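# Structural overview
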Amino acid sequence: MFKIAVVTLLTSLGLASFSVTSLAAEDAWLVLQKAAFAARELNYQGIFVYQNGNQVRSVQITHMNNAGQELTRNMVLDNRVYNKKSPAKQPREVFSQGSDIVIFHPKNDKVIIEKRRGQNLFPAILPVNLKSLKESYTARMGALDDVAGRQAQIIELIPKDAYRYSYKIWADVQFGLLVKMTLLKEDNEALEQITFQELSMLNSQDLNWFQPSIDLTKKYEMEEAVLPSRVNSNWIVAELPPGYVKVDHIEFMVNGKSSPVNQMIFSDGIASVSLFIEPIAKGTRPKIGHHLIGTTHICANVIESYQVMVVGEVPLATVQQIANAVSFRKQTALNR
Amino acid sequence: MKDQLSALIDGEFDVENAEHLIKSVKSGGELKDCWQHYHLIGDAMRSEMVLSQGFTERVMNALNEEPTVLAPHAIEKPLAKTTFFKSNQIWSVAASVAAVMFVGLMLLQQQLTGAEDSSPVEIAQSMPLEYLEAHHAAAPNGAAYYIQNVSHSGTGQ
């Protein structure tokens, strides 16, 4: 009788320890899922610090979900532009409404208004659908830590191959919000870090903050519209690094260039890479080779008479593979 | 006054009492600039299609500078007096001139391409930063977005 009890106890212990590890992985993904939603659904205000090499920026963020629509204002607090006429410092302001972004960018005696499209801005850096991330990364539950005076759970996103870096993510225990993120190289050296220094939840629904601070002594100018158009050209990338899919393909004109530049964007869910293709302009020498600027790898290649340029905050192997896999599909009557 | 103007644009100011505002906007000067700024900002924030300042002026200038096409002008008289066949002839002359020009351009382009020093250069020697900016603008990953245009100091150009 006693013996049976021991055996049962041992078996259940074994089962328990097995399910604890798989549960931990499951839990880690749940924390990330909650973080992805929290960043988009909660109303909050705070200051986060972005660090990349010797660059540091403080940004004040206000985020509100107004009946399903996300409104965000990001004010870059450093690097404010001083104006002789008005001693008040005017910060660069980035407004986003859904995926439309409007940037008010003070430049000398002007304020340039730039319009962009974008998504997944901090702290909403995780996609709502984690499927693609699960294919390329393993999630691991880490320790508890303090961020901006709040308790946070650390989750590690470990890449399954060498085509991406690893991420460390801190999620607020109480609200689930992502409060800190570190991008780590293969040797665990931090490449980039974004962390909240102050964070508070907003209770009001007041939207008065969603407007730029206007400096009447300055001239407001709309940036020359470089309206990109969606295209479906004949460029194909034969073999993308595993986990990366094409998320966008645009074409735009660049000042001083006679032919449009094709830009394709690939992402594995969190990391993104841009591929640029353009005809080699008369009188310019094509570029080849690769280079690292900060955390961004750039790889150049020449395919037929086109300049190919691949740019991304990813390992060199990733940009190299994409740069070498580009080819031009001859236009035929069939696929026209 | 500027606050009132802003309120007027937002529809929060009684138009009937706004005569003084409209007058000063009309008379030009600072308030007129204000009026334009407020509208530009408003349009930008409402995500409406905005034509940049001076757009009309630029289009008009561009139209003025557009070379006068001689062919249609030449038709004017013949159309009135001559047969349809004749005016058609003029058209085909114009078309062939265009075609010759096109072929000429193509040849010129080819010659130019052939003449250049096309040996590739190592990327590190002349870093194309515009690609970096375009990457950050279209594929924002995290905070790189707020840092655009400032992160490029100290790199080889």
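Calculation rules
Residues numbered from 1 in each chain as written. Chains lettered and ligands numbered in written order. Predicted model: local features only at pLDDT ≥ 70, side-chain atom pairs only at ≥ 80, totals over all residues. Heavy atoms only, no water. Helix = DSSP H or I, 4+ residues; strand = E, 2+ residues; numbered from the N terminus. Buried < 20%, exposed > 50% of the residue type's maximum accessible area, 1.4 Å probe, protein only. Contact = heavy atoms within 4.5 Å. Areas by Shrake-Rupley, 256 points an atom, 1.4 Å probe, with all protein chains shown as cover. Axes fitted to C-alpha atoms, helices over the stretch in contact; angles between N-to-C directions. Parallel < 35°, antiparallel > 145°, perpendicular 65-115°, else oblique. Left-handed = near helix turned anticlockwise from the far one by under 90°. Nonpolar A, V, L, I, M, F, W, Y, C, P; charged D, E, K, R; others polar. 1 Å grid on protein atoms, 1.4 Å probe; cavity = no way out; pocket = protein on both sides within 12 Å on 5 of 7 lines; lining within 4 Å. Points joined across faces, edges and corners; volume = space filled by probe spheres on them. pLDDT = per-residue confidence, 0-100. Domains from an automatic or database assignment. Buried area = accessible area lost by both parts, 1.4 Å probe. Salt bridge = Lys/Arg side-chain N within 4 Å of Asp/Glu carboxyl O. Polar contact = N/O pair within 3.5 Å; in protein donor to acceptor, adjacent residues only side chain to side chain. Phe/Tyr/Trp six-rings, centres within 6.5 Å; stacked < 30°, edge-to-face > 60°.

Broken down by element type, chain B carries 8 helices and 1 strand. Sequence-ordered secondary structure for chain B, helices as α and strands as β, is α-α-α-α-α-α-β-α-α. Classification of the 157 residues of chain B by burial places 30% in the buried group. At a minimum sequence separation of 6, the contacts of chain B that also span at least 24 residues come to 36%. By element, 60% of the accessible surface of chain B is carried by carbon and sulfur atoms, the whole surface being about 10,500 Å².

Further remarks concern the overall build of chain A. The helix and strand inventory of chain A stands at 3 helices and 21 strands. When the 336 residues of chain A are sorted by exposure, 47% land in the buried category. Long-range pairs, those at least 24 residues apart, make up 48% of the contacts in chain A between residues at least 6 apart in sequence. By element, 54% of the accessible surface of chain A is carried by carbon and sulfur atoms, the whole surface being about 16,500 Å².

Residue and element names in this part refer to chain B. At a minimum axis distance of 10 Å, the contact between helix 1 (residues 2-9) and helix 3 (residues 30-45) shows a crossing angle of 40°. One way to sum up the angle between helix 1 and helix 3 is to call them oblique. In the crossing of helix 1 with helix 3, the sense of the turn from one axis to the other is right-handed. In contact with Lys2, Leu5, Ser6, Leu8 and Ile9 of helix 1, helix 3 contributes Glu30, Leu31, Cys34, Trp35, Tyr38 and His39. For the contact of helix 1 with helix 3, the class distribution of residues is 7 nonpolar, 2 polar and 2 charged.

In this structure, the second largest pocket occupies an estimated 660 Å³ of space. Residue lining of the second largest pocket: 18 residues in total, with Phe210(A), Gln211(A), Pro212(A), Asp10(B) and Gly42(B) positioned closest to the centre. Of all the elements in the fold, those that place two or more residues in the lining of the second largest pocket are helix 1 and helix 3 of chain B. Its residues assigned to classes, the lining of the second largest pocket comprises 9 nonpolar, 5 polar and 4 charged.

Residue and element names in this part refer to chain B. Per-residue confidence for chain B gives a mean pLDDT of 65, with 45% of residues at or over 70. Per-element confidence in chain B ranges from a low mean pLDDT of 50 for helix 5 (residues 70-81) to a high of 82 for helix 2 (residues 19-26). This stretch, residues 75-85, has a pLDDT under 50; its non-local contacts, to residues over four places away or in other chains, come to 4 contacts. The low-confidence segment residues 149-157 (pLDDT under 50) makes 17 contacts with residues lying over four places distant or belonging to another chain. Interface scoring of the predicted complex returns ipTM 0.77; its pTM is 0.71.

Another aspect to go through is the domain arrangement of chain A. All names here are of chain A. On domain assignment, one finds that chain A holds domain 1 (1-225) and domain 2 (227-328). The interface of domain 1 with domain 2 comprises 19 residues on the first partner and 17 residues on the second. Both sides together, the interface formed by domain 1 and domain 2 hides about 1,500 Å², and carbon and sulfur atoms give 57% of it. Counting the surface domain 1 buries against domain 2, the share from its top three residues, Tyr163, Arg164 and Tyr165, is 40%. Put simply, domain 1 and domain 2 have 1 salt bridge between them.

This part takes up the side chain of Gln263(A). Structurally, Gln263(A) is set in strand 16 (residues 261-267). Within the structure, the side chain of Gln263(A) is placed 3.0 Å from the side chain of Ser274(A), a separation counted as a polar contact. Those residues in contact with Gln263(A) that sit more than four places away from it in its chain are Asp248(A), His249(A), Ile250(A), Phe252(A), Ser274(A), Leu275(A), Phe276(A), Ala134(B), His135(B) and Ala138(B).

This paragraph deals with the packing of helix 1 of chain B against helix 2 of chain B. Residues and elements named next belong to chain B. The geometry of helix 1 relative to helix 2 is characterised by a closest axis approach of 10 Å and an angle of 100° between their N-to-C directions. Classified by the angle between their axes, helix 1 and helix 2 sit roughly perpendicular to one another. Side by side, helix 1 and helix 2 meet where Gln4, Leu5 and Leu8 of the first sit next to His20, Leu21 and Val25 of the second.

Side chains that are three or four residues apart share a direction in an α-helix, a result of its 3.6 residues per turn. Taken together, the buried positions of helix 3 (residues 316-325) of chain A are Thr318(A), Val319(A), Gln321(A), Ile322(A), Ala323(A) and Ala325(A). The inward-facing, buried residues of helix 3 of chain A contact strand 14 (235-237), strand 16, strand 17 (272-279), strand 19 (296-303), strand 20 (306-312) and strand 21 (326-328) of chain A.

Residues and elements named next belong to chain A. Throughout the structure, instances matching the rule amount to 8 salt bridges over all chains. Between Asp172 and Arg150 there is a salt bridge; the shortest N-O distance is 2.4 Å. Highlighted residues: Asp172 in strand 9 (residues 166-172) and Arg150 in strand 8 (residues 150-159), separated in sequence by 22 residues. Each member of the pair Asp172 and Arg150 is classed as buried. Residues Lys185 and Glu189 are paired through a salt bridge, measuring 3.1 Å at the closest nitrogen-oxygen approach. The exposure class of Glu189 is partly exposed, given its relative accessible area of 41%.

With that out of the way, let us pick up the packing of aromatic side chains. All names here are of chain A. Under the counting rule described, the total for this entry stands at 11 aromatic pairs over all chains. Judged by centre distance (5.8 Å) and plane angle (90°), the rings of Phe95 and Phe104 are edge-to-face. In this structure, Phe95 and Phe104 share a single accessibility class: buried. Consider the rings of Phe122 and Phe196, whose centres lie 5.4 Å apart with planes at 40°: the pair is tilted. Linking Phe122 in the loop between strand 6 (110-117) and helix 2 (131-136) with Phe196 in strand 11 (residues 190-201), this pair joins segments that are 74 residues apart in sequence. Considered together, Phe122 and Phe196 belong to a single accessibility category, that of buried residues.

Tracing the backbone shows Asn54(A) in the loop between strand 1 (44-52) and strand 2 (55-66). Residue Asn54(A) is classed as exposed on the basis of its relative accessible area, which comes to 77%.

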